[in-house]
Amino acid sequence: MHGNTHPLFPVHVLHVDDDPHILEITRAFLERSGNIRVFSCSSVKEAFAQLTEHPADVFISDYEMPEMSGLELLQTIRGHGCDIPFILFTGRGRESVAMSAINSGATFYVQKGGDPRSQYAELSDKVMKAYRQYRDQLKIRHLSRIFQVLREVSDTIHGNEGKEEIFGRLCSRITSEPGYQNMHIVLFDTNGNVTKVYHAGLEDQIRRYLSYVRAGNRTSCYTKALQHQSGPVICAPDETCSSCPFYSDHINGYTLTVRLEHAGTVFGILSVTLDHGLAEDPDEQALFVDVAREISYGLHYFHFQEEHTEMEKLIGTNKKLDILNTITRHDIKNELTVQLFYYDNLLELSKKYPEIEADVKELGISLNNVQEHLMFSDVYQKIGIQKPQWLSIDRIIENITHAHGFGSVTILHTTGPLEVYTDPMFGKIIINLVENALMHGCRVSTIQIRFVEQVDCGLLIIEDDGMGIPDTKKKIIFERGVGRNTGL
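Let us look at the structure shown here. Sequence order as written defines residue numbering, which begins from 1 separately in each chain. Given that this is a predicted model, residues contribute local features only at a pLDDT of at least 70 and side-chain atom pairs are listed and counted only at 80 or more, while totals for whole chains, interfaces and linings are drawn from all residues. Calculation of side-chain values draws on the structure's entire complement of heavy atoms; hydrogens and water are dropped beforehand.

**What about the sheet that holds strand S12 (residues 410–413)?**
Note the cut-off: By the convention used here, strands pair only if DSSP detects at least 2 bridges between them. Only DSSP runs of H or I with at least four residues qualify as helices, and only runs of E with at least two residues qualify as strands; both kinds are numbered from the N terminus onward. Axis lines are fitted to C-alpha atoms, over the contacting stretch for helices. Their N-to-C directions set the angle, which ranges from 0 to 180 degrees.
Across the sheet, which stays open at both edges, the three strands sit in the order S12-S14-S15 with mixed pairing between neighbours. If you trace the sheet from one side to the other, it starts and ends with S12 and strand S15 (458–464), each paired once. Put simply, the sheet's adjacent strands are angled 10 degrees from each other on average, direction ignored. Here S12 runs beside strand S14 (residues 446–453); their pairing, made up of four bridges, is parallel. Paired with threonine 410 across the strands is threonine 446, a residue of S14.

Structure follows, in structure tokens:
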């Protein structure tokens, strides 16, 4: 029996009858269209042997045979869990046999006798109808199982298991379904380097494949999937695949490959090798894309969790450093208070001894610089202590305008509802930029703050109508010690 659900021709029919003439005539009539191929058997024993060599799509059997009746043959086949279509082809006037056959699981019952052309036309029609019905049933069952896998993926992603367990088991679960030969998930970093491969059904080839992709090579399926914007890439085995480490498996099946992407981030690719009929089926492709979508969301979810964990660790470290810095700065301030007391004494004394006045003033400048450094460290150490928040730029600017006196300078802002996910200290940056514009711009009358949205980013622009910054200093103005009145 074929593992795919998509109608493929010719339909393979296994016909068992103890009459060689019936076998010959049946084959001649059924094979005329070219859509049916008949394997004839003159005994039940021969039929069972034939099944092992030539899997059948439809079974046709006579009723009266020496070894076993057609009804007993049907019951035996069904008893072994085989549900391929079964057509009982026997003489007229056996309605009771027909009822027993249908009750035992026969698909159709066709009577022999009468006009051969109409009789075999009916038989041919029943073969094709039984075949299509069976394929539809297989497809429904198969898609139901894949849909169940899809639900399992969604459920397990939000469970307590780790990424390794979830995606490893997912590959095994998919390949346990009929028609799927193997599956692999390839993940890579932002530079395109392969970081992890999850797989099932590829145990013999996976080591060679890992060496292949980590050396910078990409299979044709892999490359096409990354370039394809929507839907899976369907690859039939051809000469372009001969260098692929999976070629020995791929040569007997097609591949569906799709890139794993969520919210604009590409995590890697998902690929399965499966029968031709499944690969070409639109419903199969749609479910495969849904599976890829769930995996992509799972990867995004785990990536977010990892980032959150790292952020929590960083915030914890920063809090410890904050405590240490606060204690250290407190001690330095105490020492600085003592030094300022002696500086005031020296300043008074320098009036009597002019020769030390210059040195005392330099000492005062140095002490003032120490105070500025302490002020800077007090503000700077607060960065990274709190979790990022969504901050309204409009609200930050309004607060700055009301809290700081900027004289006759007008601050214009057209950022609208713009919010930035960032450190709560972000407002201090804007304050410093405005204060620096006023300090160094000399003739500033207007400061404009606006937002420009671009294709993949946005720009928050703060500009003034002052004298501007010399070109030679534009790249270094944020370095410590550059310019006049250096500080925050």
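**Some details on the layout of surface pockets**
Note the following rule: Buried and open spaces are told apart on a 1 Å grid over the protein atoms alone, a cavity being a set of points where a 1.4 Å probe fits but cannot get out and a pocket being an open set with protein on both sides within 12 Å along at least five of seven lines. Residues with an atom within 4 Å of a point are the lining residues. Grid points are joined across faces, edges and corners, and a volume is the space filled by probe spheres set on the points. Each residue is assigned to one of three groups, with Ala, Val, Leu, Ile, Met, Phe, Trp, Tyr, Cys and Pro labelled nonpolar, Asp, Glu, Lys and Arg labelled charged, and all others, Gly among them, labelled polar.
The volume enclosed by the second largest pocket comes to roughly 320 Å³. Residue lining of the second largest pocket: 16 residues in total, with Phe188, Asp189, Thr195, Phe267 and His303 positioned closest to the centre. Elements with a minimum of two residues in the lining of the second largest pocket: helix H6 (163–175), strand S6 (180–188), strand S7 (194–200), strand S10 (265–274) and helix H11 (282–349). Considering each element in turn, the lining of the second largest pocket owes the most residues, four residues, to H11. A class-by-class count of the residues in the lining of the second largest pocket yields seven nonpolar, four polar and five charged.

**Things to note about helix H3 (residues 70–79)**
Quick reminder of the rule: Using a 1.4 Å probe on the protein chains alone, a residue whose accessible area is under 20% of its type maximum counts as buried, one over 50% counts as exposed, and one in between counts as partly exposed. The arc in question is the one spanned by the directions pointing from the helix axis to the C-beta atoms. We call two residues in contact when some of their heavy atoms are within 4.5 Å.
Those residues of H3 that fall on the buried side of the exposure criterion are Gly70, Leu71, Leu73, Leu74 and Ile77. Angular distribution of buried residues about the axis of H3 spans 160 degrees; they occupy a single face of the element. For H3, the secondary structure elements touched by its buried residues are strand S1 (11–16), helix H2 (44–53), strand S3 (58–61), strand S4 (86–90) and helix H4 (95–103). Just downstream of H3, glycine 81 is the residue with a positive phi angle, here 80 degrees.

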